[in-house]
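Listed below are the residues making up each chain.
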Amino acid sequence: MAGRPANVEDDEPPWAYSVHRADLHDLLISKIPASNIHLGHRIESVTDEGTHAGASFTNGTVVTARTLVGADGLRSTVRPLIDRTPLNFVGLVVCRGLAPATIMPEDLPNDRLRLWRGDGLNILTLPLRGGADLAIDSVIFQDTPPDDLWNSEIATEDLVGNFAHFDPRIIRAIRGGTVPVRANPVYDRAPTPRWSTDRVTLLGDAAHPMAPMLGQGANQAKQDAAALATDLAQAPDADIPAALRRYQDLRAPITAKFYNLRCL
């Protein structure tokens, strides 16, 4: 039956926790002095000079540092200095929205991840903010990426049109959304063991973009950050190249295991 939910059994214990990305960002930013955050800088180019790294920005700013970490996402400007593995469209477009949990009926409590699937379409819901909000990720499978679609807003009724034959409860949730729904084609890259030069390294999607896999894109980025921070904290300036190699040698094989895995 198209649009029928596949649910976790009632007697199965909780095994995952979810957090709103904006809340995580706020938590991280609260731990960083405001003087260390510089907005309005779009990176244009990077160099590794052996004893230091350099970065130029589109606003004319030029900086040098003993280490540069490219955490600049899927279309990283830093990555081509290290690796030019091409992006690969994985055949998914993910549309993400948010609705109040009160929009769902009592027989469908917002207490677990749920998945509706059928006819080349998926919708996943999960609780956020203690169950007060309902995250809605709808997935459309297609062979080629859209021509003009990258983090663009999609009209609610256009999205509903794709899922009109699904469970009426999930249609109600889409229509009850409280934020614009953003549509993102999904890309990954074949794993590479080389993430670093002597003074430049990669982190998160810049190093290992992956298709949706139970939140592992964000989870692996956080683990990257912890490993890198540990290595750099213990490394004097002369040992930075070795520290970056230790970091890539630890993290690259782990993140490579998620390549070709899909949960949607």
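Bear in mind the structure is a predicted one, so any value in this text is a computation, not a measurement.

Peer 1: Would you explain the packing of helix α4 (residues 216–233) against helix α5 (residues 240–256) in this entry?
Peer 2: Helix-helix packing: each pair is described by the crossing angle between the helix axes and the interaxial distance. For the pair α4 and α5, the least separation of the axes is 9 Å and the interaxial angle reads 155°. Considering their axes alone, α4 and α5 lie roughly antiparallel with respect to each other. In the crossing of α4 with α5, the sense of the turn from one axis to the other is right-handed. Residues Q220, Q223, D224, A227, L228, D231 and L232 of α4 pack against I240, A243, L244, R246, Y247, L250, R251, I254 and T255 of α5.

Peer 1: Looking at this structure, I do not really get α5. What am I missing?
Peer 2: Working note: α-helix, 3.6 residues per turn, so residues spaced by three or four point in the same direction. Look at α5: 24 Å from first C-alpha to last across 17 residues, which is about the 24 Å you get at 1.5 Å a residue. All buried positions along α5 are accounted for by I240, P241, A243, L244, Y247, Q248, R251, A252 and T255. Each element contacted by the buried residues of α5 is listed here: β12 (200–202) and α4.

Peer 1: Explain the sheet that holds strand β3 (residues 53–57) here, please?
Peer 2: Within a beta sheet, neighbouring strands are joined by backbone hydrogen bonds and run either parallel or antiparallel to one another. Sheet architecture is open: 3 strands sit in the order β2-β3-β4, paired in antiparallel fashion. Unpaired on one side and paired on the other, β2 (43–48) and β4 (62–65) mark the two borders of the sheet. Taking each pair of neighbouring strands and ignoring which way they run, the sheet shows an average axis angle of 20°. With 5 bridges joining them, β2 and β3 adopt antiparallel strand pairing.

Peer 1: Before we go on, may I ask you to explain the pattern of salt bridges in this structure?
Peer 2: Side chains bearing opposite charge may pair, as long as their charged atoms lie close to each other. Enumeration according to the criterion identifies 13 salt bridges in this entry. For D111, the salt bridge goes to R112, with nearest N and O atoms at 3.0 Å. Since its relative accessible area comes to 18%, R112 is described here as buried. A salt bridge links D237 to R199; its shortest N-O distance comes to 3.1 Å. Placement of the pair is D237 in the loop between α4 and α5 and R199 in the loop between β11 (181–188) and β12, with a sequence separation of 38 residues. Here the salt bridges share partners, and the residues they tie into one network are D23, R129 and D133.

Peer 1: Where do I start with the packing of aromatic side chains in this structure?
Peer 2: What describes a pair of aromatic rings is the distance from one ring centre to the other and the angle between the planes of the rings. For the coordinates displayed, the defined rule picks out 3 aromatic pairs. Centroid distance F163 to F166: 5.2 Å. Interplanar angle 90°. Geometry classified as edge-to-face. Their ring planes at 70° and their centres at 5.6 Å tell us that W195 and Y247 sit as a pair that is edge-to-face. With W195 in the loop between β11 and β12 and Y247 in helix α5, this residue pair connects regions lying 52 residues apart in the sequence. No difference in accessibility class separates W195 from Y247, as the two residues are buried. Its guanidinium or amino end placed over the ring of Y187, R75 lies 5.2 Å from that ring's centre, counting from NZ or CZ.

Calculation criteria
- Residues numbered from 1 in each chain as written.
- Predicted model: local features only at pLDDT ≥ 70, side-chain atom pairs only at ≥ 80, totals over all residues.
- Heavy atoms only, no water.
- Axes fitted to C-alpha atoms, helices over the stretch in contact; angles between N-to-C directions.
- Helix = DSSP H or I, 4+ residues; strand = E, 2+ residues; numbered from the N terminus.
- Parallel < 35°, antiparallel > 145°, perpendicular 65-115°, else oblique.
- Left-handed = near helix turned anticlockwise from the far one by under 90°.
- Contact = heavy atoms within 4.5 Å.
- Expected span 1.5 Å × (residues − 1).
- Buried < 20%, exposed > 50% of the residue type's maximum accessible area, 1.4 Å probe, protein only.
- Pairing = 2+ DSSP bridges.
- Salt bridge = Lys/Arg side-chain N within 4 Å of Asp/Glu carboxyl O.
- Phe/Tyr/Trp six-rings, centres within 6.5 Å; stacked < 30°, edge-to-face > 60°.
- Lys NZ or Arg CZ within 6 Å of the ring centre and 35° of its normal.

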